[in-house]
2 protein chains.
Amino acid sequence: MNNSNRTVISRRSRPAKEPLSKDLIVKTALELLKNEGSSGLSMRKIAKALDTGPSSLYVYVTNLQELSAYVLDYGLDKVVLPDAQDGSWKTNLFDALNSYLTVLYESPGIAELALTTIPVGSHSLALMEYILGRLHEGGIRSTSAAWGVDLLLLYATSVAFEQASRDQKGTTLNTILTSYESLDVMRYPMIANLRDELLSSGERFRWGLEVILQGILQRQD
Amino acid sequence: MNNSNRTVISRRSRPAKEPLSKDLIVKTALELLKNEGSSGLSMRKIAKALDTGPSSLYVYVTNLQELSAYVLDYGLDKVVLPDAQDGSWKTNLFDALNSYLTVLYESPGIAELALTTIPVGSHSLALMEYILGRLHEGGIRSTSAAWGVDLLLLYATSVAFEQASRDQKGTTLNTILTSYESLDVMRYPMIANLRDELLSSGERFRWGLEVILQGILQRQD
DNA sequence: ACCTGAACACCGTTCAAGT
DNA sequence: ACCTGAACACCGTTCAAGT
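As the structure is a prediction and not an experimental result, all values here were calculated from the model. (Residues numbered from 1 in each chain as written. Chains lettered and ligands numbered in written order. Predicted model: local features only at pLDDT ≥ 70, side-chain atom pairs only at ≥ 80, totals over all residues. Heavy atoms only, no water.)

1. Examining the packing of aromatic side chains
So the rule is basically this: Pairing of aromatic side chains requires ring centres within 6.5 Å, counting the rings of Phe and Tyr and the six-membered ring of Trp. Pairs whose planes differ by under 30 degrees are stacked, by over 60 edge-to-face, and all others tilted. Under the DSSP-based scheme used, a helix requires at least four consecutive residues in state H or I and a strand at least two consecutive residues in state E, with every element numbered from the N terminus. The cut-offs for exposure are 20% and 50% of the maximum accessible area for each residue type, with area from a 1.4 Å probe on protein chains only; residues under the lower value are buried, those over the upper are exposed, and the others partly exposed. Only lysine NZ and arginine CZ atoms are considered, and such an atom sits over a ring when it is within 6 Å of the ring centre and within 35 degrees of the ring normal.
One pass over the structure, following the stated rule, counts 4 aromatic pairs over all chains. Measuring from centroid to centroid gives 5.4 Å for Trp147(A) and Trp207(B), while their planes differ by 75 degrees, and the two rings are edge-to-face. Here Trp147(A), found in helix H7 (residues 142–168), pairs with Trp207(B), found in helix H11 (residues 204–218), and the two come from separate chains. Here the two residues Trp147(A) and Trp207(B) agree in accessibility, since each one is buried. Seen from the ring of Tyr70(B), Lys22(B) lies directly overhead, with NZ or CZ sitting 3.6 Å from the centre. Lying over the aromatic face of Tyr130(B), Arg134(B) brings its terminal NZ or CZ to 4.5 Å of the ring centre.

2. Comments concerning the environment of Asn98(A)
Residues and elements named next belong to chain A. Mapped onto the secondary structure, Asn-98 falls in helix H4 (residues 89–106). By relative accessible area, Asn-98 is classed as partly exposed at 35%. It is 9.0 Å that separates the C-alpha atoms of Asn-98 and Arg-206, two residues lying 108 residues apart in sequence.

3. Considering the relation of the copies chain B and chain A
Which entries qualify depends on this criterion: Least squares is the method used to superpose the copies, on C-alpha atoms of residues holding a pLDDT of at least 70 in both. Every residue pair with non-hydrogen atoms within 4.5 Å of one another is taken to be in contact.
Rotating chain B by 180 degrees and moving it 0.0 Å along the rotation axis overlays it on chain A with an RMSD of 0.0 Å. In the structure described here, the two chain copies are related by an operation that fits a two-fold rotation axis. For chain B, the residue whose C-alpha comes nearest the rotation axis is Gly215(B), separated from it by 2.0 Å. Looking at chain B, 100% of its interface residues are interface residues in chain A too, so the copies touch through the same face.

4. Concerning the packing of H4(A) against helix H11 (residues 204–218) of chain A
Residues and elements named next belong to chain A. To keep it simple, the criterion reads: Only the contacting stretch of a helix is used when fitting its axis, a line to C-alpha atoms as for every element, and angles between N-to-C directions run 0 to 180 degrees. Each angle receives one of four descriptions, namely roughly parallel if under 35 degrees, roughly antiparallel if over 145, roughly perpendicular if within 65 to 115, and oblique otherwise. Rotating anticlockwise by less than a right angle from the far helix to the near helix defines a left-handed crossing, while the corresponding clockwise rotation defines a right-handed one. Each residue is assigned to one of three groups, with Ala, Val, Leu, Ile, Met, Phe, Trp, Tyr, Cys and Pro labelled nonpolar, Asp, Glu, Lys and Arg labelled charged, and all others, Gly among them, labelled polar.
Their axes nearest at 12 Å, the elements H4 and H11 cross at an angle of 135 degrees. Taken together, the axis directions place H4 and H11 in an arrangement best described as oblique. In this structure, H4 crosses over H11, and the sense of that crossing is right-handed. On H11, the residues that touch Trp-89, Lys-90, Leu-93, Phe-94, Leu-97, Asn-98 and Leu-101 of H4 are Phe-205, Arg-206, Leu-209, Glu-210, Leu-213 and Leu-217. Among the residues forming the contact of H4 with H11, the class breakdown is 9 nonpolar, 1 polar and 3 charged.

5. Notes on the domain arrangement of chain A
Accessible area lost upon the coming together of the parts is a frequently used measure of interface size. All names here are of chain A. Rules: Each domain span listed reflects an automatic or database assignment of domains. Simply put, the buried area is the total loss of 1.4 Å probe accessible area from both parts when two parts are fitted together. Salt bridges are identified by distance alone: a Lys or Arg side-chain nitrogen within 4 Å of an Asp or Glu carboxyl oxygen.
According to the domain assignment, chain A contains domain 1 (16–61) and domain 2 (77–172 + 181–218). The centre of domain 1, based on its C-alpha atoms, is set 30 Å off from the matching centre of domain 2. Listed as interface residues are 5 residues of domain 1 and, on the opposing side, 5 residues of domain 2. For the domain 1 and domain 2 pair, buried surface summed over both sides reaches about 430 Å², with 71% attributable to carbon and sulfur atoms. It is Leu-33, Lys-34 and Ser-38 in domain 1 that bury the most area against domain 2; as a group they hold 78% of the surface buried on that side. Here domain 1 and domain 2 share 0 salt bridges between them.

Structure below.
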């Protein structure tokens, strides 16, 4: 089966072992994150997937935190920013944020990263730049625009993350449901009253975006 | 010093060892979280602080995740909800959120927990109930109110968390600064232009709250 | 310059055994 | 009913040693 019995062992399971590189490490890490969730993003697991020891990774990456930032940005590769020439600024803005949301939905781990990692990669920057551009088209500038990007991205990220946490574990959803169901109507009359709406989703994302946009448009400075 | 030399060893360093209890565990955990940040919240460290082994904790708490939820809620103990009789609904709403923000500022670890833990404890519920009440006073009901609470709390939490991440490490701030400073003006003209505003804070929190409120008020359904 | 093995100092959780 | 010790299966990171 192998033409020599000295050192080289046949590798049929993998498409020939690529040499290690930052790129390959990030790619592998993202794959693990997508498949196993946030617990898949570990130095040891990445190393194992690359058929090496964890210490080998430190040649290309200073630590897990830095690697996480790379993985986040690489994960945002698939976000689609519509041609700004085509639709209205608002439609384009919503479409871009929707694309961002979709990417995060598809891998909850990325949503978690996005929530806790400061975005400095090129894909994050491209998305921010795009949103700023649309806001500018819409006549929103300066401070409002600067803070608006933050607020819009934060909102999208957290909607994705919440959705993800709920999907991830049936337990979690059950926990919430039982918690809200057994709510003390005397102590929390308003929450008890709104129970259904608090848990509904769907239109929610759109609603939030509209609210934020409307608020920003009003409050020009 | 001790009246018997059999089993009981003198305990002068601690105010007499209290028996273990869920309450004591949560209290100790919160203390550790406040002092050491999120890495302080570990079963083993809590156990050590309580002078016992980690396995002892599992009598009172099913796992770390559950404990975290308790710790979060206990941490929100100090949030002040002003008497609804006194000021305007808007002032009261802002004051409550400001108090929430202050509590999170004081211990970044709690902010992190708040961002990633579904709030089901009594203090979280009380805060939600209070905000819903103020929104109701302001004429905001039903869906808008339900989603509005979420949005307002999310916003406050994340402002605190971002601030915390920046304070925690001088490194992080430096990373952002150098990243933005060396920004490719050709590729990201809008970001480069708004660099200063993107990093400023202070008025920021208030601005976001106003934006969200204004947006909600407009968009009644 | 890159890779490896072994070690250090940690994790959460379980479980049989003690009181 | 509670506590303990020891173990299992993990972590991130470092470092001397190899090629």
